[in-house]
Amino acid sequence: MMSAMPKIILVGCGNMGFALTRGWLNNGWLKSDIVAVDPSDSARQKVTDLGILATEKISTDPQADIIVLAVKPQHLGETLPAYKQFLNSDPVFLSIVAGKPIVFLEDILGKNAAIVRGMPNTPVSVGKGMTALVKNKMVKKNQMTASEKLMGAVGRATWLEDESLMNAVTGISGSGPAYVFLIIEALSKAGVNLGLSEELSGELALMTVAGAGELAFKSDLSPTELRRRVTSPGGTTEAALNVLMRNEELVDLFKDAAHAAADRGRDLA
Ligand SMILES: NC(=O)c1ccc[n+]([C@@H]2O[C@H](COP(=O)([O-])OP(=O)(O)OC[C@H]3O[C@@H](n4cnc5c(N)ncnc54)[C@H](OP(=O)(O)O)[C@@H]3O)[C@@H](O)[C@H]2O)c1
């Protein structure tokens, strides 16, 4: 069967690469649309089990509309030169490598290479990821569509006007899942403090965060409106929110945390 989906070479099939591959296969890509490259036997085995052709090194054979770079940051520089051979067929290079700016790839691939940089987050592994994308001048409309489609297969994807916003994105959606895990932990500890068992409190906290997240995701109402609607005057929720919203302390804490992540991202670039 012929497929209308962009042909992919996936470079690096670790955690992210594997999650992406599963998302693509669940969203209309054929196994034959994807070729994976990874020196690690165990990483290759995982995608081979999905029916994907995986090789230790890239060969000249595969045709690709899009080359997805999902290696660790310290491996990107040594990995890229082998892919210059594909420049003649004008693919788009989509890098999800954290902290490596577009100019890093241009320095190796050349200024004429079409390059998209993406910052996904870990919920891509359950199809609920958030990816911010930014591109260089060489990326064509159809390559933007292909990039969006690829990252949209594991959640949502949106475009940034300016690459300098990538550190802010890192501070919110990139590192954000860990903040939410911390909220689950904190809520669970609060339950134990009220006399609940660790097990019960952990379950209540986990399901509350998962359920409220799903509700906010599916609702047409804003989180602010949803919060107002569950806060009866003089009720229990209001009593708790009066503490949590005291002097904007929680908002300020999140601002400081996100700033710290963004600053660290800038330092690491
Ligand atoms: N995980 C996240 O939440 C997240 C979020 C945003 C961005 N990212 C970015 O996504 C990238 C991948 O992260 P990950 O967590 O998936 O890392 P990972 O699990 O370590 O996967 C990277 C894979 O690339 C392989 N590799 C090394 N050199 C290669 C080469 N020359 N050609 C092909 N494959 C090669 C590695 O093999 P070896 O193990 O043998 O080296 C490994 O299997 C990173 O750059 C990270 O910054 C991750």
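Now for a quick tour of the structure.

A closer look at the overall build of the protein chain
Item 1. When you go through the protein chain residue by residue, the secondary structure sums to eleven helices and eight strands.
Item 2. Principal-axis analysis of the C-alpha atoms gives the protein chain an extent of 70 × 35 × 35 Å.
Item 3. Looking at the protein chain as a whole, 37% of its 269 residues qualify as buried.
Item 4. Contacts in the protein chain between residues far apart in sequence, at least 24 positions, make up 65% of those at least 6 positions apart.
Item 5. Considering the protein chain, the positive charge centre built from 27 side chains and the negative charge centre built from 29 side chains are found 4 Å apart.

Examining the site of the ligand
Item 1. Inspection of the region around the ligand gives 22 residues, with Asn15, Met16, Asp38, Val71 and Thr122 positioned closest.
Item 2. At 3.0 Å from an oxygen atom of the ligand is found a main-chain nitrogen or oxygen belonging to Asn15.
Item 3. Protein burial of the ligand: of its 900 Å² of free accessible surface, 76% is covered by the chains.
Item 4. Given that more than half its atoms are within 2 Å of the pocket grid, the ligand belongs to the second largest pocket.
Item 5. Of all the secondary structure elements, the ones that give two or more residues to the shell around the ligand are α1 (15-26) and α3 (73-79).
Item 6. Sort the elements by how many residues they give to the shell around the ligand and α3 lands first, with three residues.
Item 7. Tallied by class, the residues present in the shell around the ligand amount to 13 nonpolar, seven polar and two charged.

Re the pattern of salt bridges
Item 1. Per the counting criterion, the structure on display carries ten salt bridges.
Item 2. A salt bridge links Glu214 to Lys128; its shortest N-O distance comes to 3.6 Å. A residue pair is termed long-range when its members are at least 10 positions apart, and Glu214 in helix α8 (residues 198-218) and Lys128 in the loop between β6 (114-119) and β7 (129-135) qualify at 86 residues.
Item 3. A salt bridge links Arg266 to Asp263; the nearest nitrogen and oxygen atoms lie 3.0 Å apart. Taken together, the positions of Arg266 and Asp263, both in helix α11 (residues 249-268) and three residues apart, correspond to about one turn of that helix.
Item 4. Judged by relative accessible area, which is 37%, Asp263 ranks as partly exposed.
Item 5. What you see here is one network of salt bridges that share partners, running through Lys128, Glu214 and Lys218.

Considering a negative patch on the surface
Item 1. There is a patch of like negative charges on the surface, built from Glu248, Glu249, Asp252 and Asp256.
Item 2. With respect to the secondary-structure elements, Glu249 resides in helix α11.

A look at unusual backbone geometry
Item 1. If you check the backbone angles, Asp90 has positive phi at about 55° while not being a glycine.
Item 2. Tracing the chain through its elements places Asp90 in the loop between α3 and β5 (92-95).
Item 3. When its relative accessible area of 34% is taken as the criterion, Asp90 is described as partly exposed.
Item 4. Despite not being glycine, Asn247 has its phi angle at roughly 50°, a positive value.
Item 5. Turning to its location among the elements, Asn247 is positioned in the loop between α10 (236-244) and α11.
Item 6. Given the relative accessible area of 61%, Asn247 is considered exposed.

Thresholds, definitions, all that
- Residues numbered from 1 in each chain as written.
- Predicted model: local features only at pLDDT ≥ 70, side-chain atom pairs only at ≥ 80, totals over all residues.
- Heavy atoms only, no water.
- Helix = DSSP H or I, 4+ residues; strand = E, 2+ residues; numbered from the N terminus.
- Buried < 20%, exposed > 50% of the residue type's maximum accessible area, 1.4 Å probe, protein only.
- Contact = heavy atoms within 4.5 Å.
- Lys, Arg positive; Asp, Glu negative; His and termini not counted.
- Charge placed at Lys NZ, Arg CZ, Asp CG, Glu CD.
- Near = heavy atom within 4 Å.
- Polar contact = N/O pair within 3.5 Å; in protein donor to acceptor, adjacent residues only side chain to side chain.
- Areas by Shrake-Rupley, 256 points an atom, 1.4 Å probe, with all protein chains shown as cover.
- 1 Å grid on protein atoms, 1.4 Å probe; cavity = no way out; pocket = protein on both sides within 12 Å on 5 of 7 lines; lining within 4 Å.
- Sits in = over half its atoms within 2 Å of the grid points.
- Nonpolar A, V, L, I, M, F, W, Y, C, P; charged D, E, K, R; others polar.
- Salt bridge = Lys/Arg side-chain N within 4 Å of Asp/Glu carboxyl O.
- Patch = residues over 30% accessible without salt bridge, like charges linked within 9 Å, V, L, I, M, F, W, Y side chains within 5 Å.

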